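Geometric and topological summary
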Amino acid sequence: MKLSQLPHRHSYADLGEAFCTAISVYGLPEGRLLCHSPDALKALGVDDVDQQDLLDICTGDVRPAGAAPVAGVYAGHQFGVYVPQLGDGRAVLLGEVAAPDGGLWDVQLKGAGQTPFSRGSDGRAVLRSSVREFLISEAMDALGIPSTRAVALAAMDQRGVMRERIERAAVIVRTSRSLLRFGHFEYFAWGRRHDELRTLFDYAVQRCYPDCADAADPVMQLLANAVVRTADMAARWQAAGFVHGVMNTDNMSLLGETIDYGPYAFLDRFDWNAVFNHTDRERRYAYGVQPRIAQWNCACLAEALLPLAGAGGKRSATDIVKSFQSAYTEIYLELMRRRLGLAEEREGDWKLIKSLLDVLHEGGLDYHHTLRALAEWVASGEAGRWSGADGSSTPGVSGRALPDALAQLPEGWLRDYRDRSGGQDAGEQGGVMLDANPALVLRTWVAQEAIDRAEAGDTAWLAELLTALRRPFAAPSDAMLPYTQPPAPGYSCELSCSS
Ligand code: AMP
Ligand code: MG
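Everything numeric here is computed off the predicted structure, so don't read it as measured data.

**Things to note about helix 3 (residues 127-142)**
An ideal rise of 1.5 Å per residue puts 22 Å on 16 residues; helix 3 measures up with 23 Å between its terminal C-alpha atoms. Of all 16 residues in helix 3, 14 are buried; the element is thus mostly enclosed. Note on helix 3: the residue one or two positions beyond its end, Gly144, has a positive phi of about 85°.

**A closer look at the nonpolar core**
Core analysis: the largest hydrophobic core is formed by 167 residues, its most contacted members being Leu135, Leu254 and Leu442. When sequence neighbours within four positions are dropped, the list of residues in contact with Leu254 reads Leu180, Arg181, Phe182, Phe185, Ala204, Cys208, Tyr209, Leu222, Ala226 and Leu301.

**Here we look at the pairing of strand 3 (residues 32-36)**
A regular strand carries its side chains on alternate faces of the sheet. Within strand 3, 4 of the 5 residues are buried, which leaves the element mostly enclosed by the surrounding structure. Pairing of strand 3 with strand 10 (residues 149-162), which is carried by 4 bridges, proceeds in the antiparallel orientation. Across the sheet, residue Cys35 finds its bridge partner in strand 10, namely Leu153.

**Describing the coordination of the magnesium ion (ligand 2)**
Note on the magnesium ion (ligand 2): its protein donors are Asn251 (OD1) and Asp260 (OD). The metal-donor distances range over 1.9 to 2.2 Å. Like Asn251, the residue Asp260 is buried in the burial classification.

**Digging into the site of ligand 1**
Gly87, Gly89, Arg119, Gly123 and Asn251 are the nearest of the 16 residues found near ligand 1. Contact between ligand 1 and Arg119: an oxygen atom at 3.0 Å from a side-chain N or O atom of the residue. In this structure, Arg163 approaches ligand 1 through a side-chain N or O atom, which is 3.5 Å from a nitrogen atom. Contact with the protein chains hides 84% of the accessible area of ligand 1, taken as 480 Å² for the molecule alone. Here the shell around ligand 1 is built from residues that sort into 2 nonpolar, 7 polar and 7 charged.

Rules of the game
Residues numbered from 1 in each chain as written. Chains lettered and ligands numbered in written order. Predicted model: local features only at pLDDT ≥ 70, side-chain atom pairs only at ≥ 80, totals over all residues. Heavy atoms only, no water. Helix = DSSP H or I, 4+ residues; strand = E, 2+ residues; numbered from the N terminus. Expected span 1.5 Å × (residues − 1). Buried < 20%, exposed > 50% of the residue type's maximum accessible area, 1.4 Å probe, protein only. Core = buried A, V, L, I, M, F, W, Y, C linked by side-chain atoms within 4.5 Å. Contact = heavy atoms within 4.5 Å. Pairing = 2+ DSSP bridges. Donors = N, O, S within 2.8 Å, 3.2 Å for Na, K, Ca; no water. Near = heavy atom within 4 Å. Polar contact = N/O pair within 3.5 Å; in protein donor to acceptor, adjacent residues only side chain to side chain. Areas by Shrake-Rupley, 256 points an atom, 1.4 Å probe, with all protein chains shown as cover. Nonpolar A, V, L, I, M, F, W, Y, C, P; charged D, E, K, R; others polar.

These figures capture arrangement, not role.
Written out as structure tokens, the structure is:
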């Protein structure tokens, strides 16, 4: 079946006008399909990939079977300040599709034009930000980081929208297990619309966390589930060296999916204080503070759910939000142990990990390059034969030079690491590490290359890059090898929310 033929339900639209507004005119005025994700289409249950069909959906010329397009309303804390009404200002939810695995997918067009929530803006997305969102959505999923998915990307040939300059408008079809955000709850809670808050809650239980229906305290159970999912997402971002850039509560998914990609970036040089969003002057959303912000956002969700909680709700909610920390730490340490190939948990693991990160931070070393090189070094068996620069510490073993990417790591740390790894089979350890340390992440300079090529009409390269990003742990092809590298010295690219 083609995407337009998959039966779309409209359970969210059925919630009614308090929650969303029907949209009859949407899409791109004219366009061309630039890229599609075969994997995302497969996950939806599309077995007949028809590019014209995908384009027709993006332009709005074809409305999928059963679709009832709506834009939803939500609110949110933006950079710490509550904004009472936001909403789908440039996104239209077409409906929900039952996936082959039994779950539901929300199907949305982003950049499809004005809605009642556009707040004076044009409802459009520009090509550069759409290319970035398209690629990162599929890359994050392949890295094992929960994310909205991107199915298709179409763009106008004309330069149609005004930003700092006139740019081409684009649309992506994105899918998600649920597009409910923390901000949806905040909208009704802060507006003291508790009946509608209850309706939304019931919908969220059914859609996102059905196990809550039978819980002793469904409200606290839903909060607990959301807190664990958010901690899991934040831990995966930190371990992957990913910076979201705009962690406002309206950009936090109830299911803990990474959503609303704007000025995001993977770290190149490891830096706890890294900020890529040049409008974030106070560095609120710096790399190292993301977990704390994620927890703060969970507190906002908790507050929004309190009107539905019974007696003692506030104390339970506080405890649940506090539990973020332990959930986060446990998941993060587990992920980092995998990156270092440390099979079981031991006292001192955090110290070993932290001292490596401190070295990377102080030396401004490349995060991904160093960790992938460590994985390759272990997997090659060389790590087991290494005995330090003077070769004297291990009798009978000759010292060998370190790979370039590891040359700046202190010998003391490498020895500690080797001692800690002792007893493990090097092949097995290396195998785990190669599967946990991607060779290819979507660095900002690579995303920019994709944008430049897409602007120049080279869509073949977009598809090639997408294919490579879907297999980030595999040894890169010769053609992709240059794109695994850190940016050229001095490279800088400012990212903004403006998209
Ligand atoms: P974002 O920073 O992308 O998460 O967007 C924050 C809010 O602004 C959301 O409600 C968006 O729908 C809205 N928004 C962002 N860009 C546009 C645009 N070009 N037109 C209309 N609304 C927009
Ligand atoms: Mg947003």
